[in-house]
Amino acid sequence: MRPMSGSASPRGIAAIVGVGPRLGRSVARKFAHEGYSVAILARDLGKLSWLADEIAREAKAQVFAIRIDCADPKSVREAFEGVLSLGSVEVLAYTACEGPHATCQPTRFTDVAVESFVRSLAESAVGAFHCAQQVIPGMLERGRGTIIFTGSSASIRGFAGYCELSCGKFALRGLAQCLAREFQSSGIHIAHVIIDGVVGAPRIHGSSKGEQETASLDPDAVARTYWHIHVQEKGAWTQEMDLRA
């Protein structure tokens, strides 16, 4: 775990799992700007530390970079021991394996190795299961909390050549629905967000947009939607929504 400069926030911890340079980064930046201390988790600690330093300087927030392998239960437990040592987790955003990139090519079913299939299930669904188990007890104790699972168009439709992704995303959606129905009455808001498209680079406001850019989702806009889910009033909670450019 590598802490970055800044003062700890009394609002608690926002844990963002599966952070990369697009969606995960934008979600972490949004919650840091809103006054949360942020723990960002991913496999590559070197790249993660660079992102944590960038967000901490920009938002003047406490940001922690923590290595995690979502396909490895032991790694998840150890990572969240570090997260929970920082304070109470008020928000968990699971963005690991967010969906195919524009250059992602389909794989014939007969060419899919069982090891690859199992790992995809682990990253999409089993990792989310383990992460949720780490934070829900504390949320139950406090009577509040938000968990947001990131799905994709493969969460509701199977695509030829993408059986690994689709099966993992279908399982993640089922997990989100089960947890929402079990824990909503306890004050825990659990939502599943379907990203129906490719997440692009953040928009530069005021710049001209090419066709390829406008066809992709703006990660900063998606992050603002995640924040909206977190601050929704209890009388009208979202359990699932889909987003597209």
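The residue numbers shown here count from 1 along each chain, following its written sequence. Under the rules for a predicted model, residues below a pLDDT of 70 receive no local features and side-chain atom pairs below 80 are neither given nor counted, while totals for whole chains, interfaces and linings still include all residues. To get the side-chain values, all heavy atoms of the structure are used, and hydrogens and water are removed first.

- Under an unreviewed UniProt entry, the protein has the name Short chain dehydrogenase and belongs to Musa troglodytarum.

## Brief notes about the overall build of the protein
Working step 1: Regarding its fold elements, the protein presents seven helices and eight strands.
Working step 2: Residue contacts follow a heavy-atom distance rule, with two residues in contact if any of their heavy atoms lie within 4.5 Å. Expressed as a percentage of contacts within the protein between residues at least 6 apart in sequence, the contacts between residues at least 24 apart total 75%.
Working step 3: A 1.4 Å probe and the Shrake-Rupley method give the accessible areas. Residues count as covered only by the protein chains that appear here. With an accessible surface of roughly 11500 Å², the protein has 53% of that area assigned to carbon and sulfur atoms. Helix and strand definitions here come from DSSP, where helices need a minimum of 4 consecutive H or I residues and strands a minimum of 2 consecutive E residues; each element is numbered from the N-terminal end.

## Notes on the nonpolar core
Working step 1: For the purposes of this section, nonpolar cores are sets of buried Ala, Val, Leu, Ile, Met, Phe, Trp, Tyr and Cys residues that join through side-chain atoms within 4.5 Å. Categorising residues by exposure relies on relative accessible area from a 1.4 Å probe, with only protein chains included: less than 20% of the type maximum marks a residue as buried, more than 50% marks it as exposed, and the intermediate range marks it as partly exposed. Membership of the largest hydrophobic core comes to 37 residues, with the highest contact counts inside it found for Phe31, Ile40 and Tyr226.
Working step 2: No other element matches the seven residues that helix α2 (residues 45-59) contributes to this core.
Working step 3: Discounting residues that sit within four places of it in the chain, Ile40 has contacts with Ile16, Val19, Ala28, Leu48, Leu51, Ala52, Val63, Phe64, Ala65 and Ile66.
Working step 4: Listed in part, the 32 residues of the second largest apolar core include Ile66, Ile68, Val89 and Cys131.

## Here's the deal with the pairing of strand β6 (residues 145-152)
Working step 1: The buried fraction of β6 is high, at eight of eight residues.
Working step 2: What you see with β6 is no split at all: Gly145, Ile147, Phe149 and Gly151 on one side and Thr146, Ile148, Thr150 and Ser152 on the other are buried throughout.
Working step 3: Should DSSP find at least two bridges between two strands, the strands are regarded as paired. With four bridges connecting them, strand β5 (residues 89-94) and β6 associate as parallel partners. Considered in β6, the bridge of Ala93 is made with Ile148.
Working step 4: Sheet analysis places β6 next to strand β7 (residues 188-195), joined by eight bridges and oriented parallel. Bridge pairing in β7 places Ser152 opposite Ile195.
Working step 5: Crossover handedness for the path β6 to helix α5 (residues 163-183) to β7: right-handed. Look down the strands so they point away from you; if the path from the first strand over the helix to the second goes clockwise, the crossover is right-handed.

## A word on the packing of aromatic side chains
Working step 1: Stacked, edge-to-face and tilted labels apply to pairs of Phe, Tyr and Trp rings (six-membered ring for Trp) whose centres lie within 6.5 Å, assigned for plane angles under 30 degrees, over 60, and everything in between, in that order. Enumeration over the complete set of coordinates arrives at three aromatic pairs.
Working step 2: Taking 6.1 Å as the distance between ring centres and 70° as the angle between the ring planes, the aromatic pair formed by Tyr36 and Trp227 counts as edge-to-face. In this pair, Tyr36 is assigned in the loop between α1 (23-33) and β3 (37-42) and Trp227 in helix α7 (residues 219-231), connecting sequence segments 191 residues apart.
Working step 3: Relative accessible area serves as the criterion here: at 6%, Tyr36 is assigned to the buried category.
Working step 4: Residue classification places Trp227 among the buried residues on the basis of a relative accessible area of 13%.

## Examining the pairing of β3
Working step 1: Burial runs high along β3: six of the six residues are buried.
Working step 2: Here β3 shows a buried face lined by Ser37, Ala39 and Leu41 and a second buried face lined by Val38, Ile40 and Ala42.
Working step 3: You can see the chain leave strand β2 (residues 13-17), run along α1 and come back into β3, and the turn it takes is right-handed.
Working step 4: Pairing between β3 and strand β4 (residues 63-67): five bridges, direction parallel. Its bridge partner lying in β4, Val38 is registered against Val63.

## Some remarks on the side chain of Gln232
Working step 1: Considering the arrangement of structural elements, one finds Gln232 in the loop between α7 and β8 (240-243).
Working step 2: Once you skip the residues sitting within four places of it in the chain, Gln232 turns out to touch His189, Trp237 and Thr238.

## Things to note about the side chain of Asp220
Working step 1: Secondary-structure assignment places Asp220 in helix α7.
Working step 2: Given a relative accessible area of 16%, Asp220 falls into the buried group.
Working step 3: In contact with Asp220, other than residues within four places in its own chain, are Ser26, Arg29 and Pro202.

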